[in-house]
Amino acid sequence: MSRSIVLALTAWLAASANAAAQVVTTNPQGSGPILASIAWIQGTLLGNVATAVAVIAVAIVGFMMLTGRMNWRHGITVIIGCFVLFGAASIVAGIQAAARAAG
């Protein structure tokens, strides 16, 4: 698997998590089905599917780094991307808490 495929997969997962994290918490009139579908997408992208893809990506990147086929810097970027993907909700909550405390 080439480095560009792994990086593209990581970028896709990060973009998906970012889109899912932007779900509005209020429920405007008539938006029930839309919010339910977005919640389903978020659960899918951050649930078992995303976990399996992240595990496979980290395993492939780790193997490529150990065999000298991938630059360590690019490999670390993929691994950090997985941490950011799964920690996005915590990161946003921390930033919001810091903004509230400062304001």
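Right, let's walk through the structure included here. (Residues numbered from 1 in each chain as written. Predicted model: local features only at pLDDT ≥ 70, side-chain atom pairs only at ≥ 80, totals over all residues. Heavy atoms only, no water.)

## Examining the packing of helix α3 (residues 48–66) against helix α4 (residues 72–102)
Here is step 1: α4 packs onto α3 with a crossing angle of 165° between their chain directions and a minimal axis gap of 9 Å. Here α4 runs roughly antiparallel to α3, going by the angle between their axes. Relative to α4, the crossing made by α3 is left-handed. Between α3, through Ala50, Thr51, Ala54, Val58, Val61 and Met65, and α4, the contact on the second element is made entirely by Trp72, Gly75, Ile76, Val78, Ile79, Cys82 and Phe86. (Axes fitted to C-alpha atoms, helices over the stretch in contact; angles between N-to-C directions. Helix = DSSP H or I, 4+ residues; strand = E, 2+ residues; numbered from the N terminus. Parallel < 35°, antiparallel > 145°, perpendicular 65-115°, else oblique. Left-handed = near helix turned anticlockwise from the far one by under 90°. Contact = heavy atoms within 4.5 Å.)

## Topic: the nonpolar core
Here is step 1: In this structure, Val61, Met64, Met65, Met70 and Val78 together form the largest nonpolar core, which totals 5 residues.
Here is step 2: Sorting elements by how many residues they give to this core places α3 first, with 3 residues. (Core = buried A, V, L, I, M, F, W, Y, C linked by side-chain atoms within 4.5 Å. Buried < 20%, exposed > 50% of the residue type's maximum accessible area, 1.4 Å probe, protein only.)

## Here's the deal with the packing of helix α2 (residues 32–46) against α3
Here is step 1: Where α2 contacts α3, the axes come no closer than 3 Å and their chain directions differ by 30°. By the angle between their directions, the pair α2 and α3 is classed as roughly parallel. Residues Thr44, Leu45 and Leu46 of α2 form the contact with α3, whose own contacting residues are Val49, Ala50 and Thr51.
Here is step 2: When grouped by side-chain class, the residues that make up the contact of α2 with α3 number 4 nonpolar, 2 polar and no charged. (Nonpolar A, V, L, I, M, F, W, Y, C, P; charged D, E, K, R; others polar.)

## A word on α3
Here is step 1: Taking 1.5 Å per residue, 19 residues should reach 27 Å; α3 reaches 27 Å between its end C-alpha atoms and fits that length.
Here is step 2: Among all positions in α3, only Ala50, Ala54, Ala57, Val61, Met64 and Met65 are buried. One face of α3 carries all of its buried residues, which in axial projection span an arc of 100°. Turned more than 90 degrees away from the buried face of α3 sit Asn48, Val55, Ile56, Phe63 and Leu66, all of them exposed.
Here is step 3: Just past α3, the residue Gly68 takes up positive phi, approximately 80°. (Expected span 1.5 Å × (residues − 1). Arc of directions from axis to C-beta.)

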